[in-house]
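# Examination of the molecular architecture
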Amino acid sequence: MKISRLVAIAGAVAGLAAFGSTAYADAAAGKATFEKVCAECHEAGDFDGEDPQELATTVKGIVGGTVKHKKALKLTDQEISDVAAFMAAGGK
Ligand code: HEC
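Below is a short write-up of the structure. Sequence order as written defines the numbering, with residues in each chain counted from 1. Where totals are concerned, whole chains, interfaces and linings use all residues; where local detail is concerned, this predicted model gives features only for residues with pLDDT of at least 70, and gives and counts side-chain atom pairs only at 80 or more. Each side-chain value is worked out from all heavy atoms of the structure, with water and hydrogens disregarded.

Attention now goes to the coordination of the iron atom of the ligand. Distances define the donors: N, O and S atoms within 2.8 Å of the metal qualify, as do those within 3.2 Å of Na, K or Ca. Water is excluded, so some sites may look unfinished. Protein coordination at the iron atom of the ligand comes from His 42 (NE2) and His 69 (NE2), with a distance range of 1.9 Å. When four donors show all angles between 85 and 135 degrees the site is tetrahedral, when four or six donors have opposite pairs over 155 degrees and all other angles between 65 and 115 it is square planar or octahedral respectively, and in every other case it is irregular. In this structure, the iron atom of the ligand is coordinated by six donor atoms arranged in octahedral fashion, with angles at the metal of 86 to 178°. Here His 42 is found in the loop between α1 (27-38) and α2 (52-64), whereas its partner His 69 is found in the loop between α2 and α3 (77-88), with 27 residues between them in sequence. Relative accessibility decides the category of a residue: with a 1.4 Å probe and only protein chains considered, values under 20% of the type maximum give buried, values over 50% give exposed, and everything between is partly exposed. Look at His 42 and you get partly exposed, because its relative accessible area is 29%. His 69 gets classed as partly exposed once you look at its relative accessible area, which sits at 33%. Only DSSP runs of H or I covering at least 4 residues are called helices, and only runs of E covering at least 2 are called strands; the numbering of each starts at the N terminus.

Right, dumping it as structure tokens:
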């Protein structure tokens, strides 16, 4: 038997799935964090119209212990930007 043609297709290289981009704030993920961690004491509507960047800085301060807050918070940087985006949009 003779293989007359060898077709070497090295295709099917999976496209790079661009997940895990940490610079992008995801308000939907922030909603989940807010409802799980913050909603016990806060209404997202109270933060409506605030600057998401400033809010993230404040929350980062809370997590880092430099901003006084009723409860110590433990969030990743991604969770902080997500939750800040959600809150600054007033939970919409
Ligand atoms: C156990 C209750 C409680 C929980 C849980 C809680 N907070 Fe607070 N937070 C407070 C209180 C009380 C204040 C001060 C009064 C106010 O601004 O509502 C406050 C204030 C804040 C402020 C304003 C701080 C400032 O100095 O401007 C931010 C921002 C904030 N909280 C974010 C969060 C986020 C984000 C979460 C969830 C990840 C959270 N909080 C969870 C009780 C809580």
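On to the nonpolar core. Phe 34, Leu 55, Ile 80, Val 83, Phe 86 and Met 87 are the most contacted members of the largest nonpolar core, which has 14 residues in total. Contributions of two or more residues to this core are made by α1, α2 and α3. We define the nonpolar core as a collection of buried residues of types Ala, Val, Leu, Ile, Met, Phe, Trp, Tyr and Cys that are connected through side-chain atoms lying within 4.5 Å of one another.

By themselves, these are just geometric observations and shouldn't be taken as functional.
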